[in-house]
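This is what each chain is made of:
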Amino acid sequence: MALDLKIEHGAVVIPGAGIVHATVGVKHGRIVHLGDASGETAARTVNARGLHVLPGVVDPHVHLGTRSPFELECESETRAALAGGVTTLGVYLRQLAGSYLESFPQVLETATRKASTDFFFHVQLFTRAQLAEVPRYARELGIPSIKMYLCGLPGILPSVDDAFLLEGFRLAARLAGEGFPAVAAVHAENEPLVNRAWARISAEKGEGGTLADWAEVHSAAAEEEAVLRSAYLARVAGAPLYAVHLTSGAALARLRRLRLAQQPLYVEVTSVHLSLTSDDPMGLCVKRYPPVRGREDVEALWAGVARGDVDVLATDNVTGTREQNRGDQGFLKASGGFGSLGVHLPLILHEGHYRRRIPVEVLVDRMARRPAQIFGLYPRKGTIAVGADADLVLVDLKRSQAVE
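Residues numbered from 1 in each chain as written. Predicted model: local features only at pLDDT ≥ 70, side-chain atom pairs only at ≥ 80, totals over all residues. Heavy atoms only, no water.

Side note on the nonpolar core
Keep this limit in mind: To form a nonpolar core, buried Ala, Val, Leu, Ile, Met, Phe, Trp, Tyr and Cys residues must be joined to one another through side-chain atoms within 4.5 Å. Only protein chains enter the accessibility calculation, which uses a 1.4 Å probe. A residue is then buried if its area is under 20% of the maximum for its type, exposed if over 50%, and partly exposed in between. Two residues form a contact once any of their heavy atoms are found within 4.5 Å.
If you look at the biggest cluster of nonpolar residues, it comprises 82 residues, and the most contacted ones within it are Leu 125, Phe 169, Leu 241, Leu 246 and Leu 363. Look past the residues within four positions of Phe 169 in its chain and what remains in contact with it is Met 148, Ala 184, Val 186, Ser 230, Leu 233, Ala 234, Ala 237, Ala 239, Pro 240 and Leu 241.

A look at the packing of aromatic side chains
Our working rule: What counts as a ring pair is set by centres within 6.5 Å for rings of Phe, Tyr and Trp (its six-membered ring), and what kind of pair is set by the plane angle: stacked under 30 degrees, edge-to-face over 60, tilted for all other angles. In this description a helix means any DSSP run of H or I spanning at least four residues, a strand means any run of E spanning at least two, and both kinds are numbered starting from the N terminus. Note on geometry: a ring has a charge over it if NZ (lysine) or CZ (arginine) is within 6 Å of the ring centre and within 35 degrees of the ring normal.
In this structure the tally under the stated criterion is 11 aromatic pairs. Between the aromatic rings of Phe 126 and Tyr 149, the centroid separation amounts to 6.0 Å while the plane-to-plane angle is 20°, which identifies the pairing as stacked. Highlighted residues: Phe 126 in the loop between strand E8 (118–124) and helix H3 (128–132) and Tyr 149 in strand E9 (residues 145–149), separated in sequence by 23 residues. Tyr 149 matches Phe 126 in its accessibility class, with the two residues each being buried. Each ring, one from Trp 214 and one from Phe 331, has its centre 6.4 Å from the other, and the planes form 75°; the classification is edge-to-face. Taken together, the residues span a long stretch of sequence, with Trp 214 in helix H7 (residues 211–217) and Phe 331 in the loop between helix H11 (322–325) and helix H12 (344–354) at a distance of 117 residues. Taking relative accessible area as the criterion, Trp 214 reaches 4% and is therefore assigned buried. Ring pairs connect the aromatic residues Phe 120, Tyr 242, Tyr 266 and Phe 375, which therefore count as one cluster. In this arrangement the basic side chain of Lys 147 is found over the ring face of Tyr 92, its NZ or CZ atom lying 4.9 Å from the centre. Sitting over the face of the ring of Phe 338, Arg 288 holds its NZ or CZ atom 4.9 Å from the ring centroid.

A closer look at the pattern of salt bridges
The following threshold applies: Think of a salt bridge as a Lys or Arg side-chain nitrogen and an Asp or Glu carboxyl oxygen that are within 4 Å of each other.
Taken as a whole and judged by the stated rule, the model has 32 salt bridges. Between Lys 381 and Asp 118 there is a salt bridge, with its nearest N and O atoms 2.3 Å apart. Remark: Asp 118 occurs in strand E8 and Lys 381 occurs in the loop between helix H13 (360–374) and strand E15 (392–395); sequence separation between them is 263 residues. With relative accessibility at 9%, the residue Lys 381 sits in the buried group. One salt bridge in this structure joins Lys 333 and Glu 207, with 3.0 Å as the shortest N-O distance. Taken together, the residues span a long stretch of sequence, with Lys 333 in the loop between H11 and H12 and Glu 207 in the loop between helix H6 (191–205) and H7 at a distance of 126 residues. Residue Glu 207 is classed as partly exposed on the basis of its relative accessible area, which comes to 30%. Within this structure, Arg 30, Asp 118, Arg 380, Lys 381, Asp 389 and Asp 391 form a network of salt bridges that share partners.

As for unusual backbone geometry
For residues besides glycine, phi is generally negative; the peptide bonds are generally trans as well. The omega torsion of the bond from Tyr 289 to Pro 290 falls at -5°, within 30 degrees of zero and hence cis. Tracing the backbone shows Pro 290 in the loop between strand E12 (265–270) and helix H10 (295–307). Backbone torsion omega between Tyr 378 and Pro 379 reads 5°, so that peptide bond is classified as cis. The topology assignment puts Pro 379 in the loop between H13 and E15.

Side note on the sheet that holds E8
What counts here: Note on pairing: DSSP must find at least two bridges between two strands before they are called paired. What counts as an axis is a line fitted to C-alpha atoms, over the stretch in contact for a helix, and the angles between N-to-C directions run from 0 to 180 degrees.
Pairing is parallel across the open sheet formed by 9 strands, whose spatial order is E13-E12-E11-E10-E9-E8-E7-E6-E14. A strand with exactly one partner marks an edge of an open sheet, and here the two such strands are strand E13 (312–314) and strand E14 (317–318). The pairing of strand E7 (residues 86–93) with E8 spans 6 bridges and is parallel. Paired with Leu 93 across the strands is Val 123, a residue of E8. On the sheet, H12 packs against strand E6 (57–63), E7 and E13 and is oriented at approximately 125° with respect to E13.

Examining the side chain of Asp 280
To keep things clear, this is the line we draw: Neither His nor the chain termini are counted; the positive set is Lys and Arg, and the negative set is Asp and Glu. Within 3.5 Å is the distance limit for a polar contact, defined as a pair of N or O atoms, with the added protein rule that one can donate a hydrogen and the other accept it, and that residues adjacent in sequence qualify only through two side-chain atoms.
Here Asp 280 is to be found in the loop between E12 and H10. Put simply, Asp 280 is tucked away with no salt bridge, and the nearest opposite charge, on Arg 295, sits 7.6 Å away. In this structure the side chain of Asp 280 is engaged in a polar contact, spanning 2.8 Å, whose partner is the backbone nitrogen of Met 282. Dropping the residues within four chain positions of it, Asp 280 is found in contact with Leu 211 and Val 286.

Focus on the pairing of strand E5 (residues 52–55)
Of the two faces of E5, the one lined by His 52 and Leu 54 and the one lined by Val 53 and Pro 55 are each fully buried. Where E5 meets E15, 4 bridges bridge the pair, whose relative direction is antiparallel. When the sheet's bridge partners are listed, Leu 54 is paired in E15 with Val 393.

Focus: the environment of Thr 110
By secondary structure assignment, the location of Thr 110 is in helix H2 (residues 100–114). Looking at Thr 110, the relative accessible area reads 6%, which means it is buried. Taking the C-alpha atoms as reference, Thr 110 lies 9.7 Å from Leu 72; in sequence the two are 38 residues apart. In this structure Thr 110 touches Phe 70, Glu 71, Cys 74 and Ala 115, once residues within four positions along its chain are discounted.

Remarks on H6
We count it as follows: Take the residue count of a helix, subtract one, and multiply by 1.5 Å to get its expected span. Starting at the helix axis, one direction is taken to each C-beta atom, and the arc is that of these directions.
Between its first and last C-alpha, H6 extends 21 Å over 15 residues, near the 21 Å set by a 1.5 Å rise per residue. What H6 keeps buried is the set Val 194, Ala 197, Ile 201 and Ser 202. Taken end-on, H6 shows its buried residues confined to a sector of 120°, consistent with a single buried face. Exposed and facing more than 90 degrees away from the buried side of H6 are Pro 192, Arg 196 and Ala 203. Contacts from the buried residues of H6 go to H7 and helix H8 (220–237). For H6, the N-terminal cap is Asn 190; the gap from its side-chain oxygen to the backbone nitrogen of Leu 193 is 3.0 Å.

Rendered as structure tokens:
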């Protein structure tokens, strides 16, 4: 059989299996051969000696069109993702009112026309009408995963109450029972605690507040309480909790204990929260929702990655220019958020593999296989196997390059 592509002599990283030295053969965009292909001809042959061959990274937590038109970011950010080894994006759709049934066809058409990566979607829920339509989103649009905010963003996003959250979990459990890869994701922070801290610190510090002050506004206690409350309601509903962008060691410890008690749940941590701290010299230019924290929390999260407490490594990408970020305009004006798709894989490899000696196959598992499994994409995505999509990334683990 004549192949379209043959990748030879590389160290092939297969999540869950390890690293093998094999030739990968590709035809019509799929992997059709894995092993000795010395007798196979190919239209193109790549010598990957000295390189690791990874499955394409699956980033299930991406926001597009938040500060710039969706069409523009669908093109620019997926190109950045692809350049950084991210080949599949899970895009969170945001509509504060109205039905996704009406808006989604245009979103899908734009993504199909403009995106350089593969993609799938989640819906963010803000209204009771949207909540009632969740079964239709799964059945008619193929979108069974939802996200709910226990702590919104003032003037930008509203939050939902506990009754809304419980109903969302119940709907996810019902869809899972019907065979859908239903996921109920929660932005878990205690909103009254955050609002009270914001009122106090902004009054005390004004524009002179710091990145560390921002971490105090969105405190670890606010996250831990909301995580625990969300997990309780998920257990009542019979649904797993998907905790997005976890930032604190305290919240992770809570979820670890619940998991040891056999409660099903998933933990997601971002490469930003694993690489930046609240004393970063860039200051408010790296403001995030939720915030980067101190070194102790970063190390606790990395320990969770190594131990298996963290399922997914994502970005929570929200692209913004320096002008949109306003990080140089002070504590009250800085808006937060910045693109990270292009450096997601390099950051994880640098911080996880080089600095903390976590095996590369473990990191690839959290960046590829686990998100693909959780969101119903596996084994077509997230692995290197015969029949899988040929989303392949070649990495030189000995090469060092500064990000500019």
